[in-house]
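These are the residues of each chain, in order.
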Amino acid sequence: MAQVSRRAAVTGAASGIGKATAKRLIAEGLAVIVADINEVAVANTVEELIAGGGQAKACIMDVSDSAECERLGTEFGEIDILIANAGIQTTGTVTDTDDDTWNQVLGVNLKGVANCCRAVLPGMSRRKAGAIVVVSSNNAICGAPGMAAYDASKAGVLGLMRSMAIEYGARGIRVNAICPGTTITDYHIDRFAKQGITEAQLYEMTSAGGLLNRAAAPEEIANAIWFLVSDQASYITGETLIVDGGGSLAGGH
Ligand SMILES: NC(=O)c1ccc[n+]([C@@H]2O[C@H](COP(=O)([O-])OP(=O)(O)OC[C@H]3O[C@@H](n4cnc5c(N)ncnc54)[C@H](O)[C@@H]3O)[C@@H](O)[C@H]2O)c1
């Protein structure tokens, strides 16, 4: 009989850090639910993962819609691992961020994380096992100019993570957070390529912030996420792992 793989759901898995994480989880033998709002990118990602020999399924959904998120708990069988990674970035100071922007960024970045956790926690609780990583940002620790709503949403994610770790630890569920620093994703690479800027130049342009003199690759964030959900981190819960090349120590970004 074919062995049933453990299953992970990754939100925002059709791009960037989420996609790199989906690939890492598949490399570790998990089946992955590719949950993302971008229908075309989900289809392409699932195709790529399956072509690489992995088990992957599409879940096209908006994390800010709690009813759509419930599907994570009902449609795909047992979810052993959740990576709540989907996020959007907005700019604006507190005085020039309008209501719609607040609602949108909190809806996706904060309530979206809660919606997805709420969908999978009952199943994890029944099985008395599970691991969740929520993706915050080093902006949650340092702040950044002109990013009031984003920074607040990402700080909120850390509070939510601690609350869930406290609530669910006795049920065998670990909940931790990752705070990435600047990470060069395909989105950045494609955007700058249109201006004639190569990937190598892009890494040089973003080298000033941290102690390692370079931005991160998505795979470096995925490695840290995998560590936190793996058995190597079996005694770690309620923790925030900052993966920013020392950027927060150097004063942020
Ligand atoms: N890239 C960075 O420099 C950086 C730094 C710190 C934190 N982060 C955080 O890491 C996470 C991933 O960032 P990334 O750079 O890989 O972003 P990205 O834009 O490459 O990917 C984000 C993915 O989330 C999906 N998404 C957006 N809104 C959604 C919604 N409402 N429902 C479902 N899916 C949705 C998008 O379609 C996309 O596929 C985000 O939470 C981001 O805030 C990124």
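The structure contained in this document is the topic of the report that follows. (Residues numbered from 1 in each chain as written. Predicted model: local features only at pLDDT ≥ 70, side-chain atom pairs only at ≥ 80, totals over all residues. Heavy atoms only, no water.)

All right, on to the overall build of the chain then. The number of helices and strands found in the chain is 10 helices and seven strands. The C-alpha atoms of the chain give 18 Å as radius of gyration, which agrees with the globular expectation for 253 residues (18 Å, within 12%). The C-alpha extent of the chain, read off along each of the three principal axes, is 50 × 40 × 35 Å. Evaluated residue by residue, the chain yields a buried proportion of 50% over its 253 residues. For the chain, restricting intrachain contacts to residue pairs at least 6 apart in sequence, the fraction spanning at least 24 positions comes to 70%. (Helix = DSSP H or I, 4+ residues; strand = E, 2+ residues; numbered from the N terminus. Rg over C-alpha atoms; globule rule 2.2 N^0.38 Å. Buried < 20%, exposed > 50% of the residue type's maximum accessible area, 1.4 Å probe, protein only. Contact = heavy atoms within 4.5 Å.)

For the rest of this paragraph, the subject is the environment of Ala217. With respect to the element layout, Ala217 can be found in the loop between helix 9 (199-205) and helix 10 (218-229). A relative accessible area of 18% means that Ala217 is categorised as buried. In this structure, the C-alpha to C-alpha distance between Ala217 and Thr93, residues 124 residues apart in sequence, is 28 Å. Setting aside chain neighbours within four positions, we find Ala217 in contact with Thr183 and Tyr203.

When the terminal C-alpha atoms of helix 7 (residues 148-168) are compared, their 30 Å separation across 21 residues agrees well with the 30 Å that a helix rising 1.5 Å per residue should span. Buried within helix 7 we find Ala149, Tyr150, Asp151, Ser153, Lys154, Val157, Leu158, Leu160, Met161, Met164, Ala165 and Tyr168. (Expected span 1.5 Å × (residues − 1).)

Burial of nonpolar side chains together is a common tendency in soluble globular proteins. Core analysis: the largest hydrophobic core is formed by 35 residues, its most contacted members being Met61, Leu72, Leu82, Ile132, Val134 and Met164. Among the secondary structure elements, those contributing two or more residues to this core are strand 2 (31-36), strand 4 (81-84), helix 5 (99-127), strand 5 (130-135), helix 7 and strand 6 (173-180). Per-element accounting of this core gives the leading share, eight residues, to helix 5. Excluding residues within four positions of it along the chain, Met61 makes contact with Thr11, Ala35, Asp36, Ile37, Glu68, Cys69, Arg71, Leu72 and Cys116. By size, the runner-up hydrophobic cluster in this structure holds 31 residues, among which are Ala22, Ala56, Ala224 and Val229. (Core = buried A, V, L, I, M, F, W, Y, C linked by side-chain atoms within 4.5 Å.)

By themselves, these observations are geometric and do not establish any function.
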